[in-house]
Amino acid sequence: MERVAIIGASMTRFGQRDAWVRELLAEAGEAALADAGIAGEDLDHLYVSNMASGEFEGQTGVPNALAHDLAAQPAYTARIDQTSSSGGAGVYAAWQSIASGASDLTMLVGGEKMTHRSTAEATDVIASLTHPVEYKHGVTLPSFAGLTARLYLDTYDAPRESLGKVAVKNHKNGVDNPHAQFRKEVDLETVLESPVVADPLRLYDFCPITDGSAALVFCPESVAEEYVPADEYAVVSGIGGATDTHVVHERADPTTMGGVVDSSEIAYEMAGIGPDDVDVAELHDMFTILEFLQSEDLGFFEKGEGWKAVEAGITDRDGDLPINTSGGLKSKGHPLGASGVAQVYEIFKQVTGDAGPRQVDADTGLACNVGGFGNCVTTAILEGNQ
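None of these values were measured; they are calculated from a predicted model.

Asks: Any chance you could break down the overall build of the chain for me, citing the residues and the numbers?
Replies: Per the secondary structure count, the chain includes 14 helices and eleven strands. Its C-alpha radius of gyration of 19 Å places the chain within 12% of the 21 Å reference for a compact globule of 386 residues. By its C-alpha atoms, the chain is 55 × 45 × 40 Å across when sized along the principal axes. The proportion of buried residues among the 386 residues of the chain is 61%. Intrachain contacts of the chain at a sequence separation of at least 6 include 77% that bridge at least 24 residues. When the accessible surface of the chain is totalled, it reaches about 13,900 Å², and 47% of it is carbon and sulfur. Side chains of the chain carry 24 positive and 59 negative charges; the gap between the two charge centres is 8 Å.

Asks: Lay out the pairing of strand β1 (residues 4–11) in plain terms, naming residues and giving numbers.
Replies: Counting buried residues in β1 gives eight out of eight residues, a clear majority hidden from the surface. Pairing analysis gives seven bridges linking β1 to strand β7 (residues 212–220), with the strands arranged antiparallel. Looking across to β7, one finds that serine 10 is bridged to alanine 215. In the sheet, β1 pairs with strand β8 (residues 234–243) via three bridges, with the strands oriented antiparallel. Its bridge partner lying in β8, alanine 5 is registered against valine 235.

Asks: So what about the UniProt feature "domain: Thiolase C-terminal" (unreviewed entry) in the chain? Which residues, and what values?
Replies: Residues annotated by UniProt as "domain: Thiolase C-terminal" (unreviewed entry) correspond here to residues 240–383. Helix and strand shares over residues 240–383 are 35% and 16% respectively, and the end C-alpha atoms of the span are 15 Å apart.

Asks: So, the packing of aromatic side chains: which residues are in play, and what are the values?
Replies: When we look at a pair of aromatic rings, we describe it by the centre distance and by the angle of the planes. Summed over all chains, the structure comprises seven aromatic pairs. On the numbers, 5.0 Å between centres and 55° between planes, the contact of tyrosine 152 with tyrosine 156 is tilted. Taken together, the ring pairs in this structure connect Phe144, Phe206, Phe287 and Phe373 into an aromatic cluster. Of note, lysine 113 hangs over the ring of tryptophan 20, and the distance from its end group to the ring centre comes to 5.4 Å.

Asks: So what's going on with the sheet that holds strand β11 (residues 376–383)? Residues and values would help.
Replies: Read across the open sheet, the nine strands follow the order β3-β2-β4-β7-β1-β8-β11-β10-β9; overall the sheet is mixed. Here the strands that pair on one side only, and so sit at the sheet edges, are β3 (76–80) and β9 (280–282). For this sheet, the mean inter-axis angle between neighbouring strands, taken without regard to orientation, is 25°. Where strand β2 (residues 45–49) meets β3, five bridges bridge the pair, whose relative direction is parallel. The residue of β3 that forms the bridge with leucine 46 is threonine 77. Here helix α10 (residues 258–271) sits on the sheet in contact with β8, β10 (364–371) and β11, set at roughly 150° to β8.

Asks: Describe the side chain of histidine 179, listing the residues and the values that go with them.
Replies: Examined against the element boundaries, histidine 179 turns out to sit in the loop between α8 (160–174) and α9 (188–192). At a separation of 3.4 Å, a polar atom in the side chain of histidine 179 contacts the main-chain carbonyl oxygen of methionine 11. Setting aside chain neighbours within four positions, we find histidine 179 in contact with Met11, Thr12, Arg13, Phe14, Lys332 and Tyr345.

Asks: Give me the packing of helix α4 (residues 86–99) against helix α14 (residues 336–351): which residues, what numbers.
Replies: With their axes 5 Å apart at the nearest point, α4 and α14 run at an angle of 60° to one another. Taken together, α4 and α14 sit at an angle that is classed as oblique. Along its contact with α4, which presents Ser86, Gly87, Gly88 and Val91, the element α14 presents Gly337, Gly340, Val341 and Val344. Here the contact of α4 with α14 is composed, by residue class, of three nonpolar, five polar and no charged.

The rules we used
- Residues numbered from 1 in each chain as written.
- Predicted model: local features only at pLDDT ≥ 70, side-chain atom pairs only at ≥ 80, totals over all residues.
- Heavy atoms only, no water.
- Helix = DSSP H or I, 4+ residues; strand = E, 2+ residues; numbered from the N terminus.
- Rg over C-alpha atoms; globule rule 2.2 N^0.38 Å.
- Buried < 20%, exposed > 50% of the residue type's maximum accessible area, 1.4 Å probe, protein only.
- Contact = heavy atoms within 4.5 Å.
- Areas by Shrake-Rupley, 256 points an atom, 1.4 Å probe, with all protein chains shown as cover.
- Lys, Arg positive; Asp, Glu negative; His and termini not counted.
- Charge placed at Lys NZ, Arg CZ, Asp CG, Glu CD.
- Pairing = 2+ DSSP bridges.
- UniProt positions renumbered as here; feature names shortened; annotations may be inferred.
- Phe/Tyr/Trp six-rings, centres within 6.5 Å; stacked < 30°, edge-to-face > 60°.
- Lys NZ or Arg CZ within 6 Å of the ring centre and 35° of its normal.
- Axes fitted to C-alpha atoms, helices over the stretch in contact; angles between N-to-C directions.
- Polar contact = N/O pair within 3.5 Å; in protein donor to acceptor, adjacent residues only side chain to side chain.
- Parallel < 35°, antiparallel > 145°, perpendicular 65-115°, else oblique.
- Nonpolar A, V, L, I, M, F, W, Y, C, P; charged D, E, K, R; others polar.

Written out as structure tokens, the structure reads:
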């Protein structure tokens with residue numbers, strides 16, 4: 001099986017954009033092609049990660065449209081939808097296409113256009129991923145987050161302030177990300193006094209509704225230096241995908257995300273490393289509580305200890321294990337199909353030493369992209385050649 005390298009990466013500005021999804025995808029795609037020094041016609045495969053372009057703007061057939069816009073014919077195209085982990089699933093599909101030998105050059109572009117819809121409309125589109133029985137009772141992902149956060153705080157005697165400190169940390173990191181939706185620090189008091197959304201979670205515990213796109217170019221590691229110097233590409237040394245119960249209340253412990261546990265074990269084994277070998281991580285903090293759950297289920301911290309790591313500054317940018325140096329979904333934004341791609345973009349930048357003021361000392365990084373409330377997960381590990 002071929003070892004797979006990423007030789008090009010790009011990310012648009014996240015936030016409220018006038019562009020529609022097709023334009024956003026083309027913006028990121030053109031930039032990634034330029035970063036890798038190739039043209040659209042060089043691609044064998046072109047994947048688009050997108051959850052709901054049909055529901056949000058009545059646009060279908062986006063991969064074929066993108067192939068036209070990038071002059072990528074006759075590349076094979078496909079749309080990858082795995083709800084809010086569509087980006088991670090796209091990374092997996094692109095990796096597979098190269099590792100299997102089916103493609104010599106593959107590009108993945110993830111994107112979503114959401115902000116033209118009201119919060120209620122966007123929430124309803126996202127809630128459609130829940131089980132029909134849960135959906136008809138009005139259950140949404142924010143309500144799952146509130147219930148799980150209350151269970152976690154009570155079970156592990158964690159202070160409410162610890163969740164707020166995740167938001168404070170990630171907003172601080174986002175200030176140095178030119179692509180982030182929110183480039184403004186917030187203090188703990190502002191977080192804790194913001195309006196209640198799903199008790200105990202408040203407005204600043206949630207990520208925003210976002211437009212944006214990100215892209216990655218993949219090739220076999222054996223030919224990566226034909227495109228870029230050795231210190232400018234990263235290797236996908238491990239990747240794994242997994243699912244958990246679709247009905248959240250059927251889980252033995254709602255504070256454990258089985259898909260995170262299982263996908264990371266596969267990725268660690270493939271890469272030949274363990275949690276202690278990871279230098280930097282991008283986690284799916286759609287809600288602040290998810291940063292605690294994922295950091296524990298990835299093996300970074302013992303169960304119930306994730307909040308203590310945040311309190312101790314371990315996950316700060318200058319801490320022992322920086323988490324969400326990009327600002328995370330909380331500050332960077334969460335355009336559904338793009339988020340998992342943008343997570344890998346940040347890790348790529350970190351392990352190639354190209355993260356600018358966000359740069360940390362990192363040879364190995366991990367990105368964990370979560371769909372629904374842990375219903376489906378992809379975990380990817382990247383290693384640089386610095």
